[in-house]
Each structure stands twice: as C-alpha cells, then as structure tokens.
Amino acid sequence: MNVFLAILGESLRLLRARWLFWVTLCISALVALIYLSVGFDEQGVTFAFGASHIKSELLVKGSPGAELLYTMIFSKYLVGIWLTLATLILGLISCGPIFPEFMLEGSAGVTLSKPISRWALFIYKFVGGLLFVAIQTLLFTVIIFIAIRWRIGIWNYSVFWSIPIVLTVFSYLFSVQVLIGVLTRSVMVSILVTILLWFMSWIVTLSEDTMYHFVHDKDNGSQLAMDPSQENQWQKWYQMVKFMHMITPKVSQTSALLNQKVVMSNGRNSSLGDYIKMNGKNSELGDAIKEAEVPRFSMEYIIGTSLGIELLILAFAGWKFSRRDF
Amino acid sequence: MSDAAVEIEYLRKRYGRFEALGGVSLTVPKGSVFGLLGPNGAGKSTLVKSLLTIIRPTECRGTLLGAPIGDRKTLRRVGYLPEQARFPEYLTGRQVISYSGQLTGVSNSEIKSRMDGLLSLVGMQGWADKAVSTYSKGMRQRIGLAQAMINTPDLIFLDEPTDGVDPEGRIDIRRMIDTMKAAGQTVFVNSHLLSEVEQVADYVAILARGQVIRSAPMSELTRGGQRYVIRSSGPVPPFVREKLEQNGIKVAGDTVTLETDNVSTVQPVIDALRTANVLIREIREEKPSLEDIFLEAVKGQGREAA
Ligand SMILES: Nc1ncnc2c1ncn2[C@@H]1O[C@H](COP(=O)(O)OP(=O)(O)O)[C@@H](O)[C@H]1O
Ligand SMILES: [Mg+2]
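Residues numbered from 1 in each chain as written. Chains lettered and ligands numbered in written order. Predicted model: local features only at pLDDT ≥ 70, side-chain atom pairs only at ≥ 80, totals over all residues. Heavy atoms only, no water.

**Student:** I'd like a description of the overall build of chain B, backed by residues and values.
**Tutor:** For chain B, the count of helices and strands is 10 helices and 14 strands. For chain B, whose C-alpha radius of gyration is 24 Å, the value lies well above the compact-globule estimate of 19 Å for 306 residues. Dimensions of chain B along its principal axes, counting C-alpha atoms only, are 80 × 45 × 35 Å. Relative to its full complement of 306 residues, chain B shows a buried share of 50%. A sequence separation of at least 24 residues applies to 70% of the contacts in chain B between residues at least 6 apart. Carbon and sulfur atoms make up 49% of the accessible area of chain B, which amounts to about 14100 Å² in all. (Helix = DSSP H or I, 4+ residues; strand = E, 2+ residues; numbered from the N terminus. Rg over C-alpha atoms; globule rule 2.2 N^0.38 Å. Buried < 20%, exposed > 50% of the residue type's maximum accessible area, 1.4 Å probe, protein only. Contact = heavy atoms within 4.5 Å. Areas by Shrake-Rupley, 256 points an atom, 1.4 Å probe, with all protein chains shown as cover.)

**Student:** An account of the coordination of the magnesium ion (ligand 2) is requested, with residue identities and associated values reported.
**Tutor:** Residue and element names in this part refer to chain B. Around the magnesium ion (ligand 2), the protein contributes the donor atoms Ser45 (OG) and Glu83 (OE), at 2.0 to 2.4 Å from the metal centre. With Ser45 in helix 1 (residues 44-51) and Glu83 in the loop between strand 6 (78-81) and helix 2 (93-103), the pair connects residues that are 38 residues apart, well separated along the chain. Take Glu83: its relative accessible area is 25%, and that puts it in the partly exposed class. (Donors = N, O, S within 2.8 Å, 3.2 Å for Na, K, Ca; no water.)

**Student:** Give a description of the sheet that holds strand 2 (residues 18-29) of chain B that names residues and reports values.
**Tutor:** Residues and elements named next belong to chain B. An order of 2-1-4-5 is seen for the 4 strands of this open sheet, with the pairing classed as antiparallel. Of all the strands in the sheet, the pair left with one neighbour each is strand 2 and strand 5 (67-68). Examined bridge by bridge, strand 1 (residues 4-15) and strand 4 (residues 59-64) share 6 bridges and lie antiparallel to one another. Residue pairing across strands places Tyr10 opposite Arg61, the latter belonging to strand 4. In the packing of helix 1 onto the sheet, contacts are made with strand 1, strand 2 and strand 4, and the angle to strand 1 comes to roughly 115°. (Pairing = 2+ DSSP bridges. Axes fitted to C-alpha atoms, helices over the stretch in contact; angles between N-to-C directions.)

**Student:** Provide a residue-level description of the domain arrangement of chain B, including the pertinent values.
**Tutor:** The assigned domain composition of chain B is domain 1 (4-221) and domain 2 (227-286). Placing a centre on the C-alpha atoms of domain 1 of chain B and another on those of domain 2 of chain B gives a separation of 47 Å. (Domains from an automatic or database assignment.)

**Student:** Talk me through the interface of chain B and chain A; I want residue IDs and the actual numbers.
**Tutor:** The interface is formed by 31 residues belonging to chain B together with 27 residues belonging to chain A. Both faces combined, the contact of chain B with chain A buries some 2600 Å², and carbon together with sulfur accounts for 55% of it. Applying the counting rule to chain B against chain A returns 2 salt bridges. With a closest N to O distance of 2.6 Å, Lys13(B) and Asp325(A) form a salt bridge. A per-element tally of the side of chain B that touches chain A places helix 2 of chain B first, with 5 residues. (Buried area = accessible area lost by both parts, 1.4 Å probe. Salt bridge = Lys/Arg side-chain N within 4 Å of Asp/Glu carboxyl O.)

**Student:** Report on the sheet that holds strand 13 (residues 255-258) of chain B, specifying residues and quantitative values.
**Tutor:** Residues and elements named next belong to chain B. Read across the open sheet, the 4 strands follow the order 12-13-11-14; overall the sheet is antiparallel. The open sheet is flanked by strand 12 (250-252) and strand 14 (280-286), the only strands paired with a single partner. Taken pair by pair, the neighbouring strands of this sheet meet at an average axis angle of 15°, ignoring direction. Sheet topology places strand 12 next to strand 13; 3 bridges connect them, and they run antiparallel. Bridge pairing links Val251 to Val256 in strand 13.

**Student:** For the packing of aromatic side chains, give the residues involved together with the corresponding values.
**Tutor:** All names here are of chain A. This structure, assessed with the given rule, holds 24 aromatic pairs over all chains. On the basis of an interplanar angle of 65° and a centroid distance of 5.7 Å, the ring pair of Phe21 and Phe132 is categorised as edge-to-face. A residue pair is termed long-range when its members are at least 10 positions apart, and Phe21 in helix 2 (residues 19-37) and Phe132 in helix 6 (residues 118-152) qualify at 111 residues. In terms of burial, Phe21 and Phe132 fall into one category: buried. (Phe/Tyr/Trp six-rings, centres within 6.5 Å; stacked < 30°, edge-to-face > 60°.)

**Student:** Explain the pattern of salt bridges residue by residue, including any values.
**Tutor:** Residues and elements named next belong to chain B. For the structure on display, the rule yields 30 salt bridges over all chains. The salt bridge partner of Arg114 is Glu110, with a shortest N-O separation of 2.6 Å. With a gap of 4 residues between them, Arg114 and Glu110 both fall in helix 3 (residues 108-121), about one helical turn apart. Owing to a relative accessible area of 33%, Glu110 belongs among the partly exposed residues under this scheme. For Glu282, the salt bridge is made with Arg284, and the minimal N-O distance between the two is 3.1 Å.

**Student:** Give a description of the environment of Gln185(B) that names residues and reports values.
**Tutor:** All names here are of chain B. Looking at the secondary structure, you find Gln185 in the loop between helix 5 (167-182) and strand 8 (186-191). We classify Gln185 as buried; its relative accessible area is 11%. With sequence-adjacent residues up to four places away left out, Gln185 is seen in contact with Gly31, Ser32, Thr152, Pro153, Asp154, Ile156 and Met180.

**Student:** Give me the lowdown on empty space enclosed by the protein, citing residues and values where you can.
**Tutor:** Per the counting criterion, the structure on display carries 2 cavities of 30 Å³ or more. Roughly 80 Å³ of internal volume is contained in the largest cavity. Listing elements by their share of the lining of the largest cavity, those giving two or more residues are helix 5 (108-112) of chain A together with helix 1 of chain B. Grouping the amino acids of the lining of the largest cavity by side-chain chemistry returns 5 nonpolar, 3 polar and 4 charged. The calculated volume of the second largest cavity comes to roughly 60 Å³. The wall of the second largest cavity is formed by Pro161(B), Thr162(B), Ile173(B), Arg174(B), Ile177(B), Val189(B), Ser191(B), Glu196(B), Val197(B) and Val200(B). (1 Å grid on protein atoms, 1.4 Å probe; cavity = no way out; pocket = protein on both sides within 12 Å on 5 of 7 lines; lining within 4 Å. Points joined across faces, edges and corners; volume = space filled by probe spheres on them. Nonpolar A, V, L, I, M, F, W, Y, C, P; charged D, E, K, R; others polar.)

**Student:** Explain the environment of Glu285(B) to me, and be specific about the residues and the numbers.
**Tutor:** All names here are of chain B. Structurally, the position occupied by Glu285 is in strand 14. If sequence neighbours within four positions are ignored, Glu285 has contacts with Gln226, Arg227 and Tyr228. For Glu285, the side chain forms a polar contact with the side chain of Tyr228, separated by 3.3 Å. (Polar contact = N/O pair within 3.5 Å; in protein donor to acceptor, adjacent residues only side chain to side chain.)

**Student:** I'd love a proper account of the site of ligand 1, names of residues and values included.
**Tutor:** Residue and element names in this part refer to chain B. Contacts to ligand 1 come from Tyr15, Phe18, Ala20, Pro39, Asn40, Gly41, Ala42, Gly43, Lys44, Ser45 and Thr46. Note that a nitrogen atom of ligand 1 is positioned 3.2 Å from one of the side-chain N or O atoms of Tyr15. Backbone polar atom of Gly43 to an oxygen atom of ligand 1: 2.9 Å apart, as the coordinates give it. For ligand 1, whose unbound accessible area comes to 560 Å², protein coverage reaches 63%. Going through the elements one at a time, strand 2 and helix 1 are the ones with two or more residues in the shell around ligand 1. With 3 residues, the single largest contributor to the shell around ligand 1 is helix 1. In terms of residue class, the shell around ligand 1 is made up of 5 nonpolar, 5 polar and 1 charged. (Near = heavy atom within 4 Å.)

**Student:** An account of the pairing of strand 13 of chain B is requested, with residue identities and associated values reported.
**Tutor:** Residues in a regular strand point their side chains to alternate faces of the sheet. Neither face of strand 13 of chain B is open: one carries Thr255(B) and Thr257(B), the other Val256(B) and Leu258(B), and all of them are buried. Connecting strand 12 of chain B to the antiparallel partner strand 13 of chain B that follows it, the hairpin turn spans 2 residues, and Gly253(B) within it adopts a positive phi of roughly 65°.

Put into structure tokens, the structure is as follows:
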C-alpha cells in the first residue's frame with residue numbers, strides 16, 4: 001500500500017510539473033465557468049452572468065424547457081467537445097511520457113532494483129496515468145454540478161457519471177498508448193499511434209452503424225431492391241464489420257453513454273428530440289431524432305467488450321514490460 | 001551461512017545473439033569493498049543489473065545475501081546507484097531519497113530520521129530542497145548515493161560512481177565508500193578506471209569481454225610479478241651480458257631485469273657487474289600496478305579471442 005501510494009504520489013508530482021496539466025486545468029475551469037455564466041430569468045435565457053438576454057417563453061426560469069436546455073448543453077456539447085475530445089487528447093499528450101521516460105537508461109534501474117514485482121509496478125504506473133484525467137474531470141464536473149444547482153435549482157447527481165465514463169474511455173486509449181510506449185519507448189510514436197487507433201475506432205463504429213441501417217432498414221423506400229445473393233453478400237460484409245466493431249474499443253459509443261446516464265429531475269435524458277418537440281414546430285423530426293438517439297447496444301456490451309480488449313492490450317503490454325531488459 | 005555477500009556460481013547473459021556475459025563466476029566476501037574492473041563494454045553493468053533483476057539473465061546460479069539471485073524480497077537489503085543515474089527532474093533531492101526509501105519498504109518515520117544524517121554524509125544539506133534539474137552531475141551522484149543508502153543496505157552496488165564527477169567529488173565519494181565499509185556494509189563498485197578501484201577496493205575482479213580474467217584480493221594481485229631492475233651507465237659489456245643471460249636474466253642495453261621478489265638473488269648480479277667495472281646508476285624494486293595486471297590480462301584475452 002505504501003509503495004502504491006509512493007508511486008501514485010510520484011505520478012502526481014510528474015503531472016504537477018507539467019505546464020500542460022495546469023493549462024488544461026485552467027481551460028477546464030474556464031469552460032465550466034462559461035457554462036455557469038448561462039442562466040435563466042423570468043423572460044428567458046441570460047448569458048455572461050446576465051449581461052445579455054434572449055427572450056423565450058419556453059426557457060423562463062424554473063421551466064422544464066430551461067432544465068432541458070441547460071442539461072443538454074452539458075451532456076451533448078460540453079461532454080462531446082470538452083470532456084471526451086479535448087481532455088482526452090490533452091491527457092494523451094500529458095501522460096505520453098510516463099512509460100517512455102521511466103524506461104530510459106539510468107532511470108528505470110532505481111525503481112526496478114526495488115523489491116516490487118514488475119507487474120505491480122506496471123499497474124501502479126498505469127493507474128498513475130489515469131490520475132490526469134481523473135483530476136481534470138473531477139474539477140470540471142464539480143463546477144457543472146454547482147452550476148446546475150444554481151441555475152436550475154436541483155442537485156443533479158447524475159452528472160458525476162462523467163467521471164467514471166470519461167475515465168473508462170481514457171483508459172482504453174491510454175492502454176494503447178502504454179503498449180506502444182513500452183514497445184518503442186517513443187513518446188511521439190505512442191501518441192500518434194493512439195490517435196490513429198482512436199480515429200479507426202470511430203471509422204469502425206461509423207461503418208457498423210451505416211451498414212446496419214443499410215442491411216436492416218427494409219421498409220425504407222429509398223433503398224434499392226437487392227436480389228437474395230446480393231443481400232447475402234451484404235449480410236456477410238455486415239457480420240465482418242460487426243465483428244470488427246466488437247473487438248474495437250468503442251470510444252465514441254462509450255462517451256455517448258453519458259447522454260443516457262445524465263438525467264433530469266424527471267428521470268429522463270435531455271434529448272434534442274424532446275427539445276424540438278417541446279418547441280412544437282416539427283414533432284416528426286423530433287421523433288426521428290429521438291429514435292436515432294436510442295442506442296442499439298447496451299451499456300454492458302459497449303463497456304464490456306471494450307474493457308475486454310483493453311485488458312488484452314494491457315496484459316500484453318505488462319508482459320512485455322515485465323520481461324524486458326532495462 | 002556462507003560469508004559471501006554475493007556468490008555467483010554461473011552467470012550467462014545473451015542479448016539476442018551477442019553474448020555479454022559468458023559463464024561468469026565470482027565471490028564477493030561480506031564486508032569487503034569489491035571492485036569490478038573492466039574496459040567499457042566488458043559487461044560490468046550487465047552483471048550488476050542481472051543481480052538486481054533489472055535484466056533477465058540467460059542462465060544464472062548463485063546467491064545474493066544468502067538468497068537465490070533473482071529473489072525480489074532480498075532487494076530490501078540492497079542499495080543501487082545506476083550508471084548515469086537519472087532522477088526525475090521535477091523532484092527535489094529530498095524527494096528522490098524518500099521515494100527510494102518508500103519503494104524499498106522503509107517506513108516514513110525512519111526515512112525522516114535518517115534523512116538529515118544522509119544528506120550531511122553526502123554533503124547535500126544545502127541543496128536538498130532544490131529540484132534535481134538544478135543540480136550538477138556531481139550533485140546528482142551525491143543524491144544518488146544517498147538514495148542507495150536510505151534503507152541502510154547490507155550490500156550496495158555502485159556502477160561507475162565517479163563518472164563525470166570533479167576531482168573533489170571523487171575524493172568525497174571515496175570517503176563515503178570508506179564510511180560504508182566501516183559500517184560493515186559490503187560495497188560492490190564497477191569501474192573502468194583503475195585508479196578509482198585501486199584506492200578503495202579490497203578485492204578486485206577483472207572483467208573483459210564477458211569473462212572474469214582474474215579475481216583476487218588486492219594485496220595478492222599486486223604481489224606476484226615483483227622484480228628488480230638494475231641500470232648501468234652505458235651498455236652492459238657483451239661478456240657480462242652473455243653470462244647473465246645464461247642464468248636466465250634479461251639484459252637489454254643498459255638495463256638488467258630480475259624477475260624475483262627475493263632481494264638476495266640480486267646481490268651476485270651486482271657483484272658480477274662491479275667486478276667487470278660496470279658503473280651502476282640505479283637499482284630499483286618494481287611492483288606491478290593494477291594497471292599492468294589489467295593491461296596484461298586484457299591483452300591476453302584479446303589474443304585468445306583473435
Ligand atoms: N540492452 C542491451 N541490448 C543489447 N546489447 C546490450 C544491451 N545492454 C548492453 N549491451 C551490450 O553488452 C555489452 C556489455 O555492456 P555493459 O554491461 O553495459 O558493459 P560495461 O558496463 O562493462 O561497460 C556491450 O557490448 C553492450 O553493447
Ligand atoms: Mg557499464
């Protein structure tokens with residue numbers, strides 16, 4: 001335990017010593033504060049702590065519309081852009097050097113000559129890397145939590161789902177980064193390969209989704225008629241892509257789970273479809289969007305298969321780490 | 001229990017197809033300062049790292065502090081200063097030392113109580129709270145030594161401890177090694193510098209191309225190969241020279257060399273020279289330095305390998 005804390009403490013010092021950590025933390029706080037600056041009054045939405053207004057009956061203080069909009073800004077935009085994109089990239093850049101630097105000649109020896117198993121060391125270092133994202137997300141979420149209380153008047157505990165989910169997503173990516181780092185000892189290569197893999201995971205998810213709809217939406221009038229052999233071929237292709245999808249860490253789909261997990265005081269998600277319907281203008285479009293928002297995969301499947309792959313990657317990286325000569 | 005701190009029966013290490021250590025055996029007596037001497041690339045670091053589980057030896061039999069080599073728990077009682085040691089630049093010297101202590105299982109209170117003593121031993125009290133990034137090479141080595149000693153180890157490995165350190169620092173490091181020895185700790189020093197080993201070690205092993213060429217107490221190593229050299233003013237006359245050479249004594253120009261450690265066998269030669277009216281300029285006793293032994297050993301090795 002003492003050893004674990006020592007290594008964790010050391011990782012924390014490493015992060016603290018990086019200016020990027022502080023820059024990220026500041027931007028994180030800033031983004032959360034901008035969120036906090038949006039509010040509602042008797043006439044509609046206010047921005048910049050009340051400096052400017054937009055009148056809207058739907059969005060007056062205390063209305064369900066206000067809660068929906070405010071929750072949605074968080075779960076869709078802040079999560080999508082800041083938490084699951086910017087924070088992750090900055091995390092990869094900040095944590096990239098953890099393993100390669102540790103493995104430098106003359107540096108590894110001090111630690112490896114200690115009575116600690118290589119596997120334990122590997123795992124502790126890995127957990128240390130997750131600290132970056134954990135701290136960033138924690139700070140961010142706490143401000144969001146306070147903002148919702150202030151603006152909407154409820155303590156929305158469901159926003160804290162962002163911590164485990166963002167951490168899980170980061171751990172998929174970090175495991176790849178650690179593996180490449182252990183294999184090549186290069187910070188740059190490990191960052192680039194990880195981002196490439198992230199991109200590929202996105203492509204696979206997109207392909208799976210597109211092909212699913214292509215193969216399954218029979219009643220869609222716009223679809224070309226296919227003869228059975230052609231359809232069979234498509235099915236085969238789809239099965240292949242589906243398999244690829246299964247063995248890929250599902251970065252975007254795991255992030256998207258936050259949309260389901262963050263709920264409003266009525267226990268429902270903040271859905272764009274709901275918002276459009278509430279506006280009363282285009283309820284068909286609202287329904288269509290709501291339908292598209294319903295995920296086809298369960299949370300267990302998405303996280304389970306992704307963590308399974310992550311575990312395999314980590315096992316391989318740890319095995320390499322525990323056997324290599326320093 | 002044996003009274004060896006390290007007993008290597010057989011140690012072999014290959015990096016791919018390259019054999020860095022080819023079946024080495026070595027004994028390090030408890031309480032000694034043991035110098036492992038060898039040119040760069042001889043395999044000294046490889047040997048030490050094998051003992052410390054930093055690399056995985058291809059084949060290894062032997063014990064370290066009584067436990068089989070490779071047993072991690074024993075490493076609690078071991079200290080290590082790596083070659084070209086690097087510590088995280090963002091840590092302070094004090095943090096480096098306590099981190100090392102924590103990883104070795106030393107309690108925080110013990111670390112605290114030992115810290116000041118160690119810092120003053122290595123002469124770093126004034127710098128302990130500054131970041132490693134502000135240190136000179138010599139200061140890094142000092143902190144490196146302190147972190148190797150935080151667990152008051154029974155056995156300390158120092159890999160090229162004086163490399164890149166200024167002369168004053170070298171003297172200090174030598175003094176620290178003496179302190180460790182006085183405290184009953186066994187010190188294992190790797191070096192490619194004879195002068196370093198010569199001044200501190202009780203036992204020396206010479207390693208070249210992955211083989212231990214010689215291994216003996218310092219006193220024994222330098223005892224063999226003693227000789228006397230007589231120099232005359234002008235070349236030794238041919239008839240005297242012939243007579244001496246018949247008795248197996250080497251003569252070259254004005255120099256007569258007797259391979260012996262017995263001074264009485266020198267007297268008849270002096271008589272013979274004086275009888276022939278040769279003027280004697282100098283008589284001196286020569287002991288081989290470690291350097292001679294080292295060069296001789298490495299040279300022999302080279303010939304074998306060629
Ligand atoms: N990780 C490694 N992979 C391949 N060869 C290595 C490795 N480490 C050391 N060597 C080689 O093994 C030999 C011995 O190296 P080393 O033990 O560092 O020698 P020394 O410490 O005596 O200078 C050298 O020829 C070196 O190039
Ligand atoms: Mg070396």
